[in-house]
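As a plain string of letters, each chain reads:
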Amino acid sequence: MSHFAFYENVTACEECDFINPIPPLKSGERFRCQHCGHVLISVHRQVAARIMAAGLSSLLMLALAMSFPFLGFSTNGIERTVTLFHTLSVLLSQGHLVLGSIISLALFVFPLVYLFSILFLVWSFQHKPILNFAQRYCVRWVVVIQPWLMVDVFLVGILVALVKMNSLADISFELSFWAFCGYVILLLKTESLVDKRWLWNKVAGKADDQSVVTGTAKEQGVIGCHFCGATLAAHKRHCNRCGHSVYSRRPKSLSSTAALLVASLLIYIPANVFPIMETTFLGNTEPSTIMGGVLLLWSLGSYPVALIILLASVVIPLAKVLSLSWLCWQCHFPSKRLTEQKIKLYRITEFVGRWSMIDVFVVAILTSMVQMGNFMSILPGTAVLSFTAMVVLTMLAAMTFDPRLLWDKDEARTVSVSERREE
Ligand SMILES: [Zn+2]
Ligand SMILES: [Zn+2]
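Residues numbered from 1 in each chain as written. Chains lettered and ligands numbered in written order. Predicted model: local features only at pLDDT ≥ 70, side-chain atom pairs only at ≥ 80, totals over all residues. Heavy atoms only, no water.

### A few points about the overall build of the protein chain
- Broken down by element type, the protein chain carries 15 helices and 15 strands.
- Relative to its length of 423 residues, the protein chain is compact, with a C-alpha radius of gyration of 24 Å against a globular reference of 22 Å.
- For the C-alpha atoms alone, the extent of the protein chain along its principal axes is close to 80 × 55 × 30 Å.
- Considering only contacts in the protein chain between residues 6 or more positions apart, those separated by 24 or more positions represent 69%.
- Just so you have it, the protein chain exposes about 19400 Å², and 65% of that area is on carbon and sulfur atoms.
- Taking the average location of the 34 positive side-chain charges in the protein chain and that of its 26 negative ones, the two points are 6 Å from each other. (Helix = DSSP H or I, 4+ residues; strand = E, 2+ residues; numbered from the N terminus. Rg over C-alpha atoms; globule rule 2.2 N^0.38 Å. Contact = heavy atoms within 4.5 Å. Areas by Shrake-Rupley, 256 points an atom, 1.4 Å probe, with all protein chains shown as cover. Lys, Arg positive; Asp, Glu negative; His and termini not counted. Charge placed at Lys NZ, Arg CZ, Asp CG, Glu CD.)

### Details of the sheet that holds strand β15 (residues 376–380)
- With antiparallel pairing, the four strands of this open sheet are ordered in space as β13-β12-β15-β14. Looking at strand neighbours, the two that pair on one side only are β13 (284–288) and β14 (371–372), the edges of this open sheet.
- As judged from the five bridges shared by strand β12 (residues 277–281) and β15, these two strands associate in the antiparallel manner. Bridge pairing links threonine 280 to serine 377 in β15.
- Strands β12, β14 and β15 of the sheet are contacted by helix α12 (residues 358–369), whose axis makes an angle of about 140 degrees with β15. (Pairing = 2+ DSSP bridges. Axes fitted to C-alpha atoms, helices over the stretch in contact; angles between N-to-C directions.)

### Description of the pairing of β12
- Pairing of β12 with β13, which is carried by five bridges, proceeds in the antiparallel orientation. If you follow threonine 280 over to β13, its bridge partner there is threonine 285.
- What sits between β12 and β13 in their antiparallel hairpin is a turn of two residues, with leucine 282 showing a positive phi close to 50 degrees.

### Some points on the coordination of the zinc ion (ligand 1)
- Each protein donor to the zinc ion (ligand 1) is listed here as Cys13 (SG), Cys16 (SG), Cys33 (SG) and Cys36 (SG); together their distances run 2.3 Å.
- One way to put it: the four donor atoms around the zinc ion (ligand 1) meet at angles of 101 to 114 degrees, and that makes the site tetrahedral. (Donors = N, O, S within 2.8 Å, 3.2 Å for Na, K, Ca; no water. Tetrahedral: all angles 85-135°; square planar, octahedral: opposite > 155°, others 65-115°.)

### With respect to the coordination of the zinc ion (ligand 2)
- Here the zinc ion (ligand 2) is held by Cys225 (SG), Cys228 (SG), Cys239 (SG) and Cys242 (SG), and the distances to it run 2.3 Å.
- Read from N- to C-terminus, the donor residues coordinating the zinc ion (ligand 2) fall into the pattern C-x2-C-x10-C-x2-C. Grouping residues by exposure puts cysteine 239 and cysteine 242 together as buried. (Buried < 20%, exposed > 50% of the residue type's maximum accessible area, 1.4 Å probe, protein only.)

### With respect to the packing of aromatic side chains
- Inspection of every chain in the model, using the stated rule, returns 16 aromatic pairs.
- Judged by centre distance (6.4 Å) and plane angle (45 degrees), the rings of tyrosine 268 and phenylalanine 387 are tilted. Separated by 119 residues along the polypeptide, tyrosine 268 in helix α8 (residues 253–273) and phenylalanine 387 in helix α13 (residues 383–400) bring together distant segments of the chain.
- Owing to a relative accessible area of 0%, phenylalanine 387 belongs among the buried residues under this scheme.
- Both rings, one in tryptophan 329 and one in phenylalanine 333, keep their centres 4.8 Å apart while their planes meet at 45 degrees; by these two values the pair is tilted. (Phe/Tyr/Trp six-rings, centres within 6.5 Å; stacked < 30°, edge-to-face > 60°.)

Below you can see the structure in the form of structure tokens.
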């Protein structure tokens, strides 16, 4: 297998700012930051062909998932099947615009823009090298949208909703449900093959090399572009290669993160006080809050589902706010604790954030499926909006937090760098 002399000579890690010389990489290899272990480059075998295959099959599966019945539902002699499209049209036609837009964005708009952009890119690499303007836009979309893809969370939401309904009705999985599972798996596969440094190298060529040795970019008087991995002279405001604005450390990172955290805590209050769902059964309407729903499931004996909702809607959002606040605090007043542990906490926080959306998806699925007038129907409550806002705000808070600030206060590293200089 041939070596790729494809990348520039050095790149700065976007998590710790450490300059890494890029060795010749073989296909199938992963290159990690030598300082913090963050994966900087993954070189996949036959990546273009595999992205093409996974992306196109994902689109095909989505088309199948839209064409046939999705779930069947029968109770007291009433039988219904719903399609995925029906799910959306019920939400929109009944005036649940917020929930309808969240579902459309999470299930269709973001994934479709993502898939079409990456497929266009891979196609243009092979056939049309001149469409550089469009290529640049597509790479940006691919990188920006990726954290907001939530089809896997939605799939878990479906399963939770089905357990919730299990005592009320018999549920059957129809053809489209399995196609939807295929769509989710293939979309995740496509995501796993995409590497932003690879994309930028293909679209805009190798970045100019700076004469840097070792240590952090800041110490060397250069800036690592966190968007494409290029290293730039410190006076630059925009990246030569990708055009993104660059900075040595994100300006006002801590204060923006703190502001977003305060806002998310404030909006978490109405999310818990107001009902997230209203259930009508035989003419009686009963509102239920997030905690009310958890307690009800617990009393009915559905312990695993009660725990999933408790974890997703209460524990994860609060733990996220707490850990990010602690990390901001640590940037201001560093402790003796190892930076590796803080970075691990940051990575976990960033990873679990979107799973909080499960309960919103559960409400959306129940609303669209359980519509039988006074006999039994489910409506979304006002808390859906504030809860979604809380999840989005905490995700933005994690994105505005600059993890390089944690390393800046790392005493061990400062010592090792000064030792290296003395040598
Ligand atoms: Zn690193
Ligand atoms: Zn760049």
